[in-house]
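# Summary of the model geometry
Given next are the chains, with one letter for each unit.
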Amino acid sequence: MKLVFATHNQNKFKEVKVLLPPYIELVSLTDIGCHDEIPETGETLKENAQIKSDFVTTNYGLPCFSDDTGLLVDALNGAPGVYSARYAGEHKNADANMNKILSELENKTSRSARFETVIALNLKEENIHFTGVAEGKITKSKSGQKGFGYDPIFQPKGYDKTFAELPLEVKNEISHRGKAIKQLIAYLHKLPSK
Ligand code: IMP
């Protein structure tokens, strides 16, 4: 069975590909000749993930899954949430996004936050969603060089390092996306092989 992972991110793609059962042929957006930036116009992570999967299934006739992630900060009433990529503007700059959160939290006592990933799987005859959450807190300053996005200011619960200081294998084991992907893979392993 051919299954599209609706991403242009080759790192995310490779990470998932090796985990799938052999009867699933995972292909990327590039592989199917889709070079569009699929608009993320939903108001929730679930809606955005679904929009991307539906776009591919409708236009290319293939089953597809996609993921959408947000950082939810309690003292900011769940912001940036679904707007995480563009929090400090359309240029999607990770440094500017982190600076904005650090300055907004300057006078707040609570720094608790969580990453949430929703995966929407469109198998044509059914849509299934998987959610992964990583609890933690926003540090007072940036720390670490690994990872991407908000990793330098997010310290997962039970660790004294940020995601950007932890080895990738550790991050993948405890991260929002890692947890959602594990559920997806378990589901795909149970599908009848075609
Ligand atoms: P996307 O849904 O993967 O496009 O991510 C939305 C926003 O969240 C972007 O600003 C990403 O940089 C950020 N983001 C997604 N996953 C992570 C992560 O694992 N660590 C830090 N930031 C992330």
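This one's a predicted model, so the numbers in the text were calculated from it and none came from an experiment.

## So, the pattern of salt bridges
Note that side chains of opposite charge can pair when their charged atoms are close. Going through the model one piece at a time under the given rule, you end up with 10 salt bridges. A salt bridge links K52 to E40; its shortest N-O distance comes to 3.4 Å. With K52 in helix 2 (residues 45-60) and E40 in the loop between strand 2 (25-28) and helix 2, this pair connects stretches of sequence that are 12 residues apart. Residues K142 and D95 are paired through a salt bridge, measuring 3.3 Å at the closest nitrogen-oxygen approach. On the criterion of sequence distance, the pair formed by K142 in the loop between strand 6 (127-138) and strand 7 (154-156) and D95 in helix 3 (residues 94-104) is long-range, its members being 47 residues apart. What makes K142 partly exposed here is its relative accessible area of 34%.

## Comments concerning the site of the ligand
Taken together, 13 residues are adjacent to the ligand, and T69, D151, K171, H176 and R177 come closest. In the environment of the ligand, an oxygen atom lies 3.1 Å from a nitrogen or oxygen atom belonging to the side chain of K12. Measuring from an oxygen atom of the ligand, one finds a backbone N or O atom of T69 at 2.9 Å. For the shell around the ligand, the secondary-structure elements that each account for two or more residues are strand 3 (64-73) and helix 5 (176-190). Taken together, the residues of the shell around the ligand sort by class into 4 nonpolar, 4 polar and 5 charged.

## What about the pairing of strand 3?
Counting buried positions over the 10 residues of strand 3 gives 8, a clear majority of the element. By the bridge criterion, 10 bridges tie strand 3 to strand 5 (residues 112-122) in an arrangement that is antiparallel. Looking across to strand 5, one finds that D67 is bridged to I119. Relative to strand 4 (residues 80-81), strand 3 is paired through 2 bridges, and the arrangement is antiparallel.

Cut-offs applied
- Residues numbered from 1 in each chain as written.
- Predicted model: local features only at pLDDT ≥ 70, side-chain atom pairs only at ≥ 80, totals over all residues.
- Heavy atoms only, no water.
- Salt bridge = Lys/Arg side-chain N within 4 Å of Asp/Glu carboxyl O.
- Helix = DSSP H or I, 4+ residues; strand = E, 2+ residues; numbered from the N terminus.
- Buried < 20%, exposed > 50% of the residue type's maximum accessible area, 1.4 Å probe, protein only.
- Near = heavy atom within 4 Å.
- Polar contact = N/O pair within 3.5 Å; in protein donor to acceptor, adjacent residues only side chain to side chain.
- Nonpolar A, V, L, I, M, F, W, Y, C, P; charged D, E, K, R; others polar.
- Pairing = 2+ DSSP bridges.

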